[in-house]
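Each chain, letter by letter, is given below.
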Amino acid sequence: MQKIVLTICSINYLAQAKSLGDSLLQHNPDYTFLIGLVDRLDQSSIDKSQLPAYPLIELHTIGIEDLDELCDKYNITELNTAVKPFFMEYVYNTYPEAEIVHYFDPDILVFQALSDIESPLKNHSLVLTPHIVSPYPDTSRPQETDLLNTGIFNLGFLGTKRSPNTLAFLHWWKERLRDQCYIDLANGMFVDQLWVNFAPIYFDDVYISRHLGLNMAYWNLHERTLTGENIPYSVNDSVPLIFFHFSGYHPENPTEISKYQNRYTFQEKSDVATIFDQYAQILIKNGHEMYKKFPCFYIKAPEPKPRKRFLRVRKYLSLPFQKVVNFIDKVQI
């Protein structure tokens, strides 16, 4: 039985992807690691020798119908999330021996065997992790209202096994994300995540894991404390840390847990300071400074802003004709 972990990123995030793959295979040597690349190697100046030694599946090679239209309508964040079910479906179709296919965001490290994900898949097709399993204690961010806007479940991780239900879910999710994967909270959209609120309703065999060691991240630090100064880590002295999600963290700003939260500093959550420092060192070792300089092929050029002179002309042309004449007369005097 083949077991696969898929991640998706552009060239500038390959240090994160390589770090994920290395950590995965260190603790799960029976897995295959694949990188879905939302980029074009033939349009990049990167040398092949600089690429990580993992299979790279370029977006334009997986047969998405009307891919150009998809790329035109979404910004790079929206595009990276919109193509997730397309890539997962492609992996199931291309690797017929694959019975398990998990998705992990590239900014994750794996610290244990994935048996606590595989176990519920014996009786279920999908494994989801909620952002939190207990209420927030204060008014800092994020708040429960933020999760109502962005999704109950964090889709930086999705566990799946080959089944008719999984393939039906991917097809449904794919059709929603083809046209409705915007960051548009006012219209009920937040990339791929909000749609998956429906998954436990539409599909019978969805397992919602409350395991505290799965998908530990800035959004659930109020309920989880790391113990141990090195691998293996424990969470709340009760369960092993399976994987940690470093969402919103950048080694260029090493004193900030995540740009998306203001609840904790490293002084207030000293239990996670070591793991973040380790992650920064791993990223640096794996070429973060080099990869981050490569522009993504699919990033749109910003629309040029109209010049001020043009705006002034347009303003006066919109005035009644006599006012335009008066304006011209004054200019000529």
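If you look the protein chain up in an unreviewed UniProt entry, it shows as Glycosyl transferase from Aquirufa salirivi.

> So what's going on with the confidence of the model for the protein chain? Which residues, and what values?
Of all residues in the protein chain, 89% attain a pLDDT of 70 or more, and the chain-wide mean is 91. Predicted confidence is poor over residues 327–333, with pLDDT under 50, and the contacts of this stretch with residues over four places away or in other chains come to 1 contact.

> Requested: an account of helix α4 (residues 84–94), with residues and values cited.
For α4, the buried fraction is high: 8 of the 11 residues fall into the buried class. By the burial criterion, the buried members of α4 are Lys-84, Pro-85, Phe-86, Phe-87, Met-88, Glu-89, Val-91 and Tyr-92.

> Can you lay out a negative patch on the surface for me, pointing to particular residues and giving the numbers?
A cluster of acidic residues, Glu-65, Asp-66, Asp-68, Asp-72 and Glu-175, forms a negative patch at the surface. Along the chain, Glu-175 falls in helix α7 (residues 164–179). Residue class for Glu-175 comes out partly exposed when judged on its relative accessible area of 32%.

> Could you give an account of the sheet that holds strand β4 (residues 98–104), with specific residues and numbers?
Across a sheet, paired strands are connected by hydrogen bonds in the backbone, their directions being either parallel or antiparallel. Read across the sheet, 7 strands follow the order β3-β2-β1-β4-β7-β6-β10 without closing on themselves; strand pairing throughout is mixed. The strands lining the two open edges of the sheet, one partner per strand, are β3 (56–58) and β10 (206–208). Put simply, the sheet's adjacent strands are angled 25° from each other on average, direction ignored. Direction of pairing for strand β1 (residues 2–9) relative to β4: parallel, over a ladder of 5 bridges. Residue pairing in the sheet places Ile-4 in a bridge with Val-101 of β4.

> Any details on the layout of surface pockets? Residues and values, ideally.
Estimated volume of the largest pocket: approximately 1,100 Å³. Lining the largest pocket are 39 residues, with Thr-77, Asp-105, Asp-107, Ser-247 and Tyr-260 positioned closest to its centre. Contributions of two or more residues to the lining of the largest pocket are made by β1, α3 (76–82) and α6 (144–150). Per-element accounting of the lining of the largest pocket gives the leading share, 4 residues, to α3. The space that makes up the second largest pocket amounts to roughly 180 Å³.

> Tell me about the packing of aromatic side chains, and name the residues and values.
Applying the stated rule across the entire model yields 23 aromatic pairs. Ring centres 5.4 Å apart and planes at 90° place the aromatic pair Trp-172 and Tyr-202 in the edge-to-face group. In this pair, Trp-172 sits in helix α7 while Tyr-202 sits in helix α8 (residues 199–202), placing the two residues 30 residues apart along the sequence. With relative accessibility at 10%, the residue Trp-172 sits in the buried group. A cation over a ring is seen here: Lys-269 above Tyr-264, with NZ or CZ 5.8 Å from the ring centre.

> Kindly report on the side chain of Asp-271, identifying the contributing residues and their values.
With respect to the helices, strands and loops of the structure, Asp-271 is situated in the loop between β14 (243–245) and α9 (273–285). What makes Asp-271 buried here is its relative accessible area of 18%. A polar atom in the side chain of Asp-271 sits 2.9 Å from the backbone nitrogen of Leu-226. Not counting residues within four places of it along the chain, the set of residues in contact with Asp-271 comprises Arg-224, Thr-225 and Leu-226.

> Just give me the short version of the pairing of strand β7 (residues 157–160), but keep the residues and values in it.
Taken residue by residue, a regular strand's side chains alternate between the two faces of the sheet. Burial along β7 is two-sided: the residues Phe-157 and Gly-159 and Leu-158 and Thr-160 are all buried. With 2 bridges joining them, β4 and β7 adopt antiparallel strand pairing. When the bridges of β7 are listed, Tyr-103 appears paired with Leu-158. Two elements, strand β6 (residues 126–128) and β7, share 2 bridges in a ladder whose sense is antiparallel. Each residue of the ladder has a partner; that of Val-127, found in β7, is Gly-159.

> If you had to explain the sheet that holds strand β11 (residues 226–227) to someone new, which residues and values would you point to?
Strand order in the open sheet made by the 3 strands is β11-β12-β13, with antiparallel pairing throughout. Each of the sheet's edge strands pairs with one partner strand only, and the pair in question is β11 and β13 (239–240). Across 2 bridges, the pairing between β11 and strand β12 (residues 234–235) is antiparallel. Note that in β12 the partner of Leu-226 across the bridge is Val-235.

> I'd like a rundown of the pattern of salt bridges, residues and numbers included.
Once the charged atoms of two side chains with opposite charge are near each other, the side chains can pair. In total, this model carries 14 salt bridges according to the counting rule given. With a closest N to O distance of 2.7 Å, Lys-174 and Glu-89 form a salt bridge. Of the two residues, Lys-174 is situated in helix α7 and Glu-89 in helix α4; the sequence distance between them amounts to 85 residues. Like Glu-89, Lys-174 is buried. In this structure, Glu-252 and Lys-292 form a salt bridge, with 2.9 Å as the shortest nitrogen-oxygen distance. Separated by 40 residues along the polypeptide, Glu-252 in the loop between β14 and α9 and Lys-292 in the loop between α10 (288–291) and α11 (308–317) bring together distant segments of the chain.

Rules used in this analysis
- Residues numbered from 1 in each chain as written.
- Predicted model: local features only at pLDDT ≥ 70, side-chain atom pairs only at ≥ 80, totals over all residues.
- Heavy atoms only, no water.
- pLDDT = per-residue confidence, 0-100.
- Contact = heavy atoms within 4.5 Å.
- Buried < 20%, exposed > 50% of the residue type's maximum accessible area, 1.4 Å probe, protein only.
- Helix = DSSP H or I, 4+ residues; strand = E, 2+ residues; numbered from the N terminus.
- Patch = residues over 30% accessible without salt bridge, like charges linked within 9 Å, V, L, I, M, F, W, Y side chains within 5 Å.
- Areas by Shrake-Rupley, 256 points an atom, 1.4 Å probe, with all protein chains shown as cover.
- Salt bridge = Lys/Arg side-chain N within 4 Å of Asp/Glu carboxyl O.
- Lys, Arg positive; Asp, Glu negative; His and termini not counted.
- Charge placed at Lys NZ, Arg CZ, Asp CG, Glu CD.
- Pairing = 2+ DSSP bridges.
- Axes fitted to C-alpha atoms, helices over the stretch in contact; angles between N-to-C directions.
- 1 Å grid on protein atoms, 1.4 Å probe; cavity = no way out; pocket = protein on both sides within 12 Å on 5 of 7 lines; lining within 4 Å.
- Points joined across faces, edges and corners; volume = space filled by probe spheres on them.
- Phe/Tyr/Trp six-rings, centres within 6.5 Å; stacked < 30°, edge-to-face > 60°.
- Lys NZ or Arg CZ within 6 Å of the ring centre and 35° of its normal.
- Polar contact = N/O pair within 3.5 Å; in protein donor to acceptor, adjacent residues only side chain to side chain.

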